[in-house]
Amino acid sequence: RMSQLIGYGLNVDSVPTLCDFLYATLNLPHQFKKEFGRNTDKLTTNNLALVTLFRQSNGHHAVAAALKLRALTTQLDSLLADTDADGRIRCAYNLVGTETGRLTCYTSPTGSGFNLQTVSKKFRKLFGAGDALLLAQCDLAGADGWPVAAHCAAHGDTAMLDDLRASLKPAKIIALMHEQGAAMMRLTRDELRPMCARVDKDGWLYFACKRVQHGTSYGMGERTISDTILKDSYRDTGAPVYVPEATCRTIKRLFMLRYPGLERWHAALQRQLKTRGTITSASGHTRVLFGPKHDNKTFR
C-alpha cells in the first residue's frame, strides 16, 4: 500500500531489480555469484551476498532494509503455507539431495507445506502435532564443547572440562571476561555461577562468544568468525549483527587465556598432520590431507 501511495516500489526478491538498485544506483561493492567455490562474472543479491555487502558497506541502511524484507518474506512462507483437505500440512524429503548427507525438505507432492526444517522458533507453536503425538526438534545442545574440553584435558588443561561439569558455559564466562576484564579468571566457579546466570542469552555478546568459542576450537580466523556471526545472526533473527574483526580477536584471546590447553591440542594435531598427513576420528574414519605439509593453511 505504501508503494502504491508513493508511486515507487522495489522487489527485493527480483535479482535484476535489486542488482540495479544496489550496484548501479547506490554504487555499492559488486557481489558476484560463486560456482564450485569460485567467483563468476554474474552479479548476485542472494542472502550470502547481501550479508557480505552489509559488512563491506559498514551496515548501509539500504542493505539492512533489503535483508529485513527478505526475512519477512521468508516468514510469510510459514504463515501462508497451504494445508491439505484434511487440515494437515505435509512436506517431502530427499534422502540423497546434499553432499553432506543431510536431508533436504520441500513442498509436499500434495501441494501443502514447504521446507518445514526452516520454521523459526517464534512460529513453531503454530504447527501442532496430532492427538497423542509430539512434534519436536532434537539437537545436541553444546555437544561440541565436551570433546574439545576432553582434548584440552588430555593436554594438561582441565579448565573447560571443569567448567562444563559445573554447568558453566564457556561462552558466558568469556562474555563476562570481555565485559569486566580478565580478573574474572581469579573467581571460583561458585562465584562465577550467579554472574553467568545474568549474562543476556539473547544479547549480541553471548551470541558472538558462542561463535568465537566453536570457531577458535577448530582453527577459524577472526575474519571468518566475524562473517559467521553476521550470517548466523541474519539466519536466526532476520537482522544481521556485525561484530568487527578486532572485537572477535579480543574475545578469541580471552578464550585462549581461559583455556590454554586449546593451543597445546592444536599444536599436537599440527605435528601429527605434518609427520603423518592423516587424522583419524573417534568413529575410525581416516582423513588424508594432500596439501603441502609445510603450509599451515592446509590444516585449517
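Residues numbered from 1 in each chain as written. Predicted model: local features only at pLDDT ≥ 70, side-chain atom pairs only at ≥ 80, totals over all residues. Heavy atoms only, no water.

### Description of the overall build of the protein chain
When helices and strands are tallied, the protein chain shows twelve helices and six strands. When contacts within the protein chain are restricted to residue pairs at least 6 apart in sequence, long-range pairs at least 24 apart make up 50% of them. When the accessible surface of the protein chain is totalled, it reaches about 19,100 Å², and 53% of it is carbon and sulfur. Across the protein chain, the mean location of the 40 positive side-chain charges is 5 Å away from that of the 27 negative side-chain charges. (Helix = DSSP H or I, 4+ residues; strand = E, 2+ residues; numbered from the N terminus. Contact = heavy atoms within 4.5 Å. Areas by Shrake-Rupley, 256 points an atom, 1.4 Å probe, with all protein chains shown as cover. Lys, Arg positive; Asp, Glu negative; His and termini not counted. Charge placed at Lys NZ, Arg CZ, Asp CG, Glu CD.)

### Some points on the packing of helix α10 (residues 222-237) against helix α11 (residues 245-258)
Running from amino to carboxyl end, α10 crosses α11 at an angle of 110 degrees, the nearest separation of the two axes being 8 Å. Judged by the angle between their axes, α10 and α11 are roughly perpendicular. Residues E222, R223, I225, S226 and I229 of α10 lie in contact with α11, whose contacting residues are E245, C248, R249 and K252. Looking at the contact of α10 with α11, its residues break down into three nonpolar, one polar and five charged. (Axes fitted to C-alpha atoms, helices over the stretch in contact; angles between N-to-C directions. Parallel < 35°, antiparallel > 145°, perpendicular 65-115°, else oblique. Nonpolar A, V, L, I, M, F, W, Y, C, P; charged D, E, K, R; others polar.)

### Describing unusual backbone geometry
Positive phi outside glycine occurs at N58, with the angle close to 55 degrees. Looking at the secondary structure, you find N58 in the loop between α3 (47-56) and α4 (61-79). Relative accessible area serves as the criterion here: at 67%, N58 is assigned to the exposed category. (Buried < 20%, exposed > 50% of the residue type's maximum accessible area, 1.4 Å probe, protein only.)

### A word on a nonpolar patch on the surface
A surface patch of nonpolar side chains, amounting to about 520 Å² of accessible area, comprises M2, L5, I6 and Y8. Mapped onto the fold, I6 is located in helix α1 (residues 2-6). (Patch = residues over 30% accessible without salt bridge, like charges linked within 9 Å, V, L, I, M, F, W, Y side chains within 5 Å. Salt bridge = Lys/Arg side-chain N within 4 Å of Asp/Glu carboxyl O.)

### With respect to the pattern of salt bridges
Side chains carrying opposite charge are able to pair once their charged atoms draw close together. The tally for this structure, following the rule as stated, stands at 15 salt bridges. In this structure, D86 and R90 form a salt bridge, with 2.9 Å as the shortest nitrogen-oxygen distance. Two residues, R211 and D232, come together in a salt bridge whose shortest N-O distance is 3.1 Å. Within this pair, whereas R211 is found in helix α9 (residues 204-217), its partner D232 is found in helix α10, the two being separated by 21 residues in sequence. Here R211 falls in the buried class, since its relative accessible area comes to 15%. By sharing partners, the salt bridges in this structure join R55, R223, D227 and E245 into a single network.

### Details of the packing of helix α7 (residues 170-180) against α11
Orientation of α7 relative to α11, taken along the N-to-C sense of each, is 115 degrees, at an axis distance of 10 Å. Classified by chirality, the crossing of α11 by α7 is right-handed. From α7, P170, I173, I174, M177 and H178 reach across to α11, where they touch T247, T250, I251, L254, F255, L257 and R258. Among the residues making up the contact of α7 with α11, the classes are represented as eight nonpolar, three polar and one charged. (Left-handed = near helix turned anticlockwise from the far one by under 90°.)

### Observations regarding the packing of aromatic side chains
Enumeration according to the criterion identifies two aromatic pairs in this entry. Plain terms: the ring middles of F114 and F127 are 6.3 Å apart, the flat faces sit at 65 degrees to each other, and that makes the pair edge-to-face. One end of the pair, F114, is in the loop between β4 (104-107) and α5 (145-154); the other, F127, is in the loop between β4 and α5, and 13 residues separate them in sequence. For the ring pair F255 and Y259, a centre distance of 5.3 Å and an interplane angle of 65 degrees mean the geometry is edge-to-face. (Phe/Tyr/Trp six-rings, centres within 6.5 Å; stacked < 30°, edge-to-face > 60°.)

### As for α10
Look at α10: 22 Å from first C-alpha to last across 16 residues, which is about the 22 Å you get at 1.5 Å a residue. The complete set of buried residues in α10 reads I225, S226, D227, I229, L230, D232, S233 and Y234. The inward-facing, buried residues of α10 abut α3, α4, α9 and α11. Downstream of α10 by a residue or two, G238 has a phi angle that is positive, lying close to 85 degrees. (Expected span 1.5 Å × (residues − 1).)

### Quick look at α3
Along α3, seven of the ten residues are buried, which leaves the element largely enclosed by surrounding structure. When we look at burial in α3, the residues that qualify are A49, L50, V51, T52, L53, F54 and R55. Against the buried residues of α3 lie α2 (15-25), α4 and α10.

### A few points about the environment of G291
Residue position: G291 is located in the segment after β6 (286-288). Judged by relative accessible area, which is 27%, G291 ranks as partly exposed. When the C-alpha atoms of G291 and L50 are compared, they prove to be 32 Å apart, with 241 residues separating the residues in sequence.

### Here's the deal with the state of the cysteines
A full pass over the atoms with the stated rule returns zero disulfides. Looking at C209, it has no disulfide partner, and the nearest cysteine sulfur is the one in C248, 9.4 Å off. (Disulfide = S-S within 2.5 Å.)

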